[in-house]
Amino acid sequence: MDISPSKKQCAPKKRVKIHPNTVTVKYSSHYPQPGDEGYDDSPSSEDHGLFVDETPGKKLLSDGKGQARTFFGTMDARSKPPEEPKDNGVSQQLQGFADSSIFNSKMTWVALFGAAMAHGCVALITRLAADRSKVPSLELLFIRSVIQVLSIVVVYYYQEPPFGPEGYRLRLFFYGVCNVISITCAYTSFAIVPPSNGTIMWRATTTVFSAVLAFLLIDERLAYTDIATVVSSVFGLCLVMIPNIVDEDNSLLGFWKEAFGYSMTVMAGLTAALAMIIYRAIKEKVSMWTALFTFGWTGTVWGASTMFILQEPIIPLDGETWGYLIGICICSTVAFLGVYYALNKFHPALVSTVQHLEIVVAMILQLLVLRMIPSVYDVIGGSIIIFSVFLLAGYKLYWVGRGRRQDYEEILDSPIK
């Protein structure tokens, strides 16, 4: 059967290009428009089948078995086994942080107890130097400060400015002045009142003033447990001191003399507490070695300018006196470093409370060296001090350390690290 030219023209050749989302059809000849001869508006089964076969939706349905279509694309609908979270060493790091924190806390308490023992040794050696070698108190301060000036070597080793960084030098100087005034007042009171009572009053007032000033100046508060232990330790100090005050001279002249002496101890406690608060406020910028050097050079200047005016210094000639002086320098430096190392971690009142053990250490040393038997009140007060301090240490090491460890364990168990 013959095919007319119109029929040939009505059968155009199609070239189909399939895109993942669209279908493009290009015709190689003229396509009949509505009204033309050979136009048929009903789709052919061939074209319909080709369209269905090449529809991207069907291809996705046929090829993407086990996949689901979402707004952003395809995702695998088949259940995958849950992947274990990758640790990447976080657990080991957190565990290391916990162990390091507990170790630092233990080292701080070791430094505090060592400082208390060193302070007790200073009390005994100072008494021996005053009784046997007749070394004046300001001369003791001068020699001690000269030795402490040698800490400049450590300051330069750590490449720190010896007079403190800019913006902190005035406060650091004020810190050194407060320390020198505290030592001078304390040593002066020891010549008026019994050294044991003066030391006890000095420590008690330092603890009380440090708690109050820390709250007023740098807004640091004590926990209720800390307050209880501090009050208990101060009560133990008072129990040791009050009977000794009652047994002293009750004359009018003796009364005013003792009142002046104890006023000097209160001033020593106030300035010592203020020095601790100042260092606590600048500890981030000033190391304890810089603080020691500041205490050394201010004490040297003060001792050199006053010991020839207020007292009559002597020139030590015998080895015993030099042994006392060297012992005082070593023990006082160790005590200073222990206290100011702990100030980086603990409240000033807690640091001062632990130093109450100095009284107990001095009692034991006096019993062993000087054969001075403590009274019943001394024993009771010393027992209260020991109980309070060790209760505080046990609470900080066990309960606070336990809570800190639990915090790290909660972080380790959490899904987000």
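Only a predicted model underlies this, so the values are computations on that prediction, with no experimental measurement involved.

1. Considerations on the overall build of the chain
Summing up its helical and strand segments, the chain has 15 helices and 4 strands in all. Residues classed as buried in the chain amount to 40% of the 417 residues present. Counting contacts in the chain only where the partners sit at least 6 residues apart, residues at least 24 apart contribute 83% of the total. A total accessible area of about 24,700 Å² is found for the chain, and carbon and sulfur atoms account for 64% of it.

2. A word on the packing of aromatic side chains
All chains considered together, the criterion is met by 12 aromatic pairs. Plain terms: the ring middles of W109 and F346 are 5.2 Å apart, the flat faces sit at 50 degrees to each other, and that makes the pair tilted. Pair noted here: W109 is in helix 4 (residues 90-132) and F346 is in the loop between helix 12 (319-342) and helix 13 (348-354), with a separation of 237 residues, a long-range link. Neither residue differs from the other here; W109 and F346 are each classed as buried. Arranged with centres 5.8 Å apart and planes meeting at 85 degrees, the rings of Y175 and Y340 form a pair that is edge-to-face. A residue pair is termed long-range when its members are at least 10 positions apart, and Y175 in helix 7 (residues 169-190) and Y340 in helix 12 qualify at 165 residues. Across the pair, Y340 and Y175 agree in class, each one buried. Positioned above the aromatic ring of W202, the side-chain terminus of R203 is 4.8 Å from the ring centre.

3. Some points on the packing of helix 7 against helix 8 (residues 195-217)
Between helix 7 and helix 8, whose axes approach to 8 Å, the crossing angle comes to 150 degrees. Classified by the angle between their axes, helix 7 and helix 8 sit roughly antiparallel to one another. Both helix 7 and helix 8 take part in a crossing whose hand is right-handed. Of helix 8, the residues touching helix 7 (which contributes S182, I183, A186 and F190) are P195, G198, T199 and W202.

4. Considering the nonpolar core
Within the largest apolar cluster, 73 residues are counted, with the highest numbers of intra-cluster contacts made by Y175, F336, Y340 and V351. Counting residues per element, this core draws most heavily on helix 12, at 11 residues. Aside from chain neighbours lying at most four places away, what touches Y340 is Y175, N179, A275, M276, Y279 and M288.

5. A few points about the packing of helix 5 (residues 137-148) against helix 7
Running from N to C, helix 5 and helix 7 point in directions that differ by 145 degrees, and their axes come no closer than 9 Å. The interaxial crossing formed by helix 5 with helix 7 has right-handed handedness. Of the residues in helix 7, those in contact with S137, L138, L140, L141 and R144 of helix 5 are V180, I183, T184 and Y187. Here the contact of helix 5 with helix 7 is built from residues that sort into 6 nonpolar, 2 polar and 1 charged.

6. Structural notes on the confidence of the model for the chain
Per-chain confidence: the chain averages 76 in pLDDT, with 69% of residues scoring 70 or above. Across residues 42-80, where pLDDT falls below 50, the model places 27 contacts with residues more than four positions away in sequence or in other chains. Across residues 83-87, confidence stays below pLDDT 50; counting only partners more than four residues off in sequence or on other chains, it has 1 contact.

7. Looking at the pattern of salt bridges
For the structure on display, the rule yields 5 salt bridges. Across the pair E220 and R280 runs a salt bridge, and its minimum N-O distance is 3.0 Å. Linking E220 in the loop between helix 8 and helix 9 (224-246) with R280 in helix 10 (residues 252-282), this pair joins segments that are 60 residues apart in sequence.

8. Structural notes on a nonpolar patch on the surface
Residues V208, V212, F215, L216 and L217 make up a contiguous nonpolar surface patch of about 460 Å² in total accessible area. Along the chain, the position of L217 falls in helix 8.

9. Focus on the side chain of T199
Note on placement: T199 falls in helix 8. Given the relative accessible area of 11%, T199 is considered buried. Once you skip the residues sitting within four places of it in the chain, T199 turns out to touch F190, E358 and I359.

10. A word on the environment of T321
Note on placement: T321 falls in helix 12. For the pair T321 and A129, spaced 192 residues apart in the sequence, the C-alpha separation amounts to 6.6 Å. Look past the residues within four positions of T321 in its chain and what remains in contact with it is S133, V135 and P316. A polar side-chain atom of T321 sits 2.7 Å from a polar atom in the side chain of D318.

11. Notes on the state of the cysteines
Summed over all chains, the structure comprises 0 disulfides. With no disulfide partner, C329 has as its closest neighbouring cysteine sulfur the one in C331, 9.6 Å distant. Residue C329 is classed as buried on the basis of its relative accessible area, which comes to 6%.

12. As for the environment of L391
Relative to the assigned elements, L391 resides in helix 15 (residues 376-413). We classify L391 as partly exposed; its relative accessible area is 44%. Each C-alpha atom, one on L391 and one on D226, is 9.8 Å from the other, the two residues being 165 residues apart in sequence.

Reading guide: rules and limits
Residues numbered from 1 in each chain as written. Predicted model: local features only at pLDDT ≥ 70, side-chain atom pairs only at ≥ 80, totals over all residues. Heavy atoms only, no water. Helix = DSSP H or I, 4+ residues; strand = E, 2+ residues; numbered from the N terminus. Buried < 20%, exposed > 50% of the residue type's maximum accessible area, 1.4 Å probe, protein only. Contact = heavy atoms within 4.5 Å. Areas by Shrake-Rupley, 256 points an atom, 1.4 Å probe, with all protein chains shown as cover. Phe/Tyr/Trp six-rings, centres within 6.5 Å; stacked < 30°, edge-to-face > 60°. Lys NZ or Arg CZ within 6 Å of the ring centre and 35° of its normal. Axes fitted to C-alpha atoms, helices over the stretch in contact; angles between N-to-C directions. Parallel < 35°, antiparallel > 145°, perpendicular 65-115°, else oblique. Left-handed = near helix turned anticlockwise from the far one by under 90°. Core = buried A, V, L, I, M, F, W, Y, C linked by side-chain atoms within 4.5 Å. Nonpolar A, V, L, I, M, F, W, Y, C, P; charged D, E, K, R; others polar. pLDDT = per-residue confidence, 0-100. Salt bridge = Lys/Arg side-chain N within 4 Å of Asp/Glu carboxyl O. Patch = residues over 30% accessible without salt bridge, like charges linked within 9 Å, V, L, I, M, F, W, Y side chains within 5 Å. Polar contact = N/O pair within 3.5 Å; in protein donor to acceptor, adjacent residues only side chain to side chain. Disulfide = S-S within 2.5 Å.

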